[in-house]
Amino acid sequence: MSEDVRLVAWVRGRVQGVGFRWFTRAKALEIGGLSGFALNLGDGRVQVVAEGAREGCEGLLEWLEGDDTPGRVEGVTEIWDTPRGGYDGFAIR
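Residues numbered from 1 in each chain as written. Predicted model: local features only at pLDDT ≥ 70, side-chain atom pairs only at ≥ 80, totals over all residues. Heavy atoms only, no water.

Trainee: Looking at this model, I keep getting lost on helix 1 (residues 20-31). Mind explaining?
Mentor: For an α-helix, 3.6 residues make a turn, and residues three or four places apart therefore share a direction. The end-to-end C-alpha separation of helix 1 is 16 Å, in line with the 16 Å expected for 12 residues at 1.5 Å each. Within helix 1 the residues assigned to the buried category are Phe20, Thr24 and Ala28. Viewed along the axis of helix 1, the buried residues span an arc of 75°, placing them on a single side of the element. Among the exposed residues of helix 1, those oriented more than 90 degrees off its buried face are Trp22 and Glu30. Contact partners of the buried residues in helix 1: strand 1 (4-14), strand 2 (35-40), strand 3 (46-53), helix 2 (54-65), strand 4 (72-81) and strand 5 (90-92). Backbone geometry just after helix 1 places Gly32 at a positive phi near 85°. (Helix = DSSP H or I, 4+ residues; strand = E, 2+ residues; numbered from the N terminus. Expected span 1.5 Å × (residues − 1). Buried < 20%, exposed > 50% of the residue type's maximum accessible area, 1.4 Å probe, protein only. Arc of directions from axis to C-beta. Contact = heavy atoms within 4.5 Å.)

Trainee: Sorry if this is basic, but what is going on with the packing of helix 1 against helix 2 here?
Mentor: The geometry of helix 1 relative to helix 2 is characterised by a closest axis approach of 10 Å and an angle of 145° between their N-to-C directions. By crossing handedness, the relation of helix 1 to helix 2 is classed as right-handed. Counted together, Phe20, Phe23, Thr24, Lys27, Ala28 and Ile31 of helix 1 and Gly56, Gly59, Leu60, Trp63 and Leu64 of helix 2 form the full contact between these two elements. When the residues that make up the contact of helix 1 with helix 2 are grouped by side-chain class, the tally is 7 nonpolar, 3 polar and 1 charged. (Axes fitted to C-alpha atoms, helices over the stretch in contact; angles between N-to-C directions. Left-handed = near helix turned anticlockwise from the far one by under 90°. Nonpolar A, V, L, I, M, F, W, Y, C, P; charged D, E, K, R; others polar.)

Trainee: Can you walk me through helix 2 in this structure?
Mentor: Here helix 2 spans 16 Å end to end across 12 residues, near enough to the 16 Å set by a 1.5 Å rise per residue. The complete set of buried residues in helix 2 reads Gly56, Cys57, Leu60, Leu61, Trp63 and Leu64. For helix 2, the angular spread of the buried residues around the axis is 160°, confining them to a single face. Every exposed residue of helix 2 that faces more than 90 degrees away from the buried side is listed here: Glu55 and Glu62. If you follow the buried residues of helix 2, they end up packed against strand 1, helix 1, strand 3 and strand 4.

Trainee: Any chance you could explain the packing of aromatic side chains here in plain terms?
Mentor: Any two aromatic rings considered together are summarised by their centre-to-centre distance and by the angle between their planes. For the structure on display, the rule yields 3 aromatic pairs. Centre to centre, the rings of Phe20 and Trp63 are 6.1 Å apart; their planes meet at 35°, and the pair counts as tilted. Of this pair, Phe20 sits in helix 1 while Trp63 sits in helix 2, placing them 43 residues apart in sequence. Accessibility classification places Phe20 together with Trp63 in one group, the buried group. Between Phe37 and Tyr87, the aromatic rings sit 5.8 Å apart at their centres with planes inclined by 55°, giving tilted as the arrangement. Here Tyr87 lies in the loop between strand 4 and strand 5 and Phe37 lies in strand 2, a separation of 50 residues in the sequence. (Phe/Tyr/Trp six-rings, centres within 6.5 Å; stacked < 30°, edge-to-face > 60°.)

This is the structure we're talking about:
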């Protein structure tokens, strides 16, 4: 059985106004079993919170760091934690 985790990632670069949150949600739904959200921050970053199986969260992080995202990702900072729950699906905020 897979361990459930919480991933919080801050994505830097040209990631606002390019559909980044929408594509992040679509990727989370494609991976399946993830809940959380993607949120534009006032400093130009996007915050992504995902909870679910470690493999799914690692897949989402790999996608965030890859070349297949909209815009231009310059870097991703992440922290791992235990899930807190309380999310209904994966939302765009």
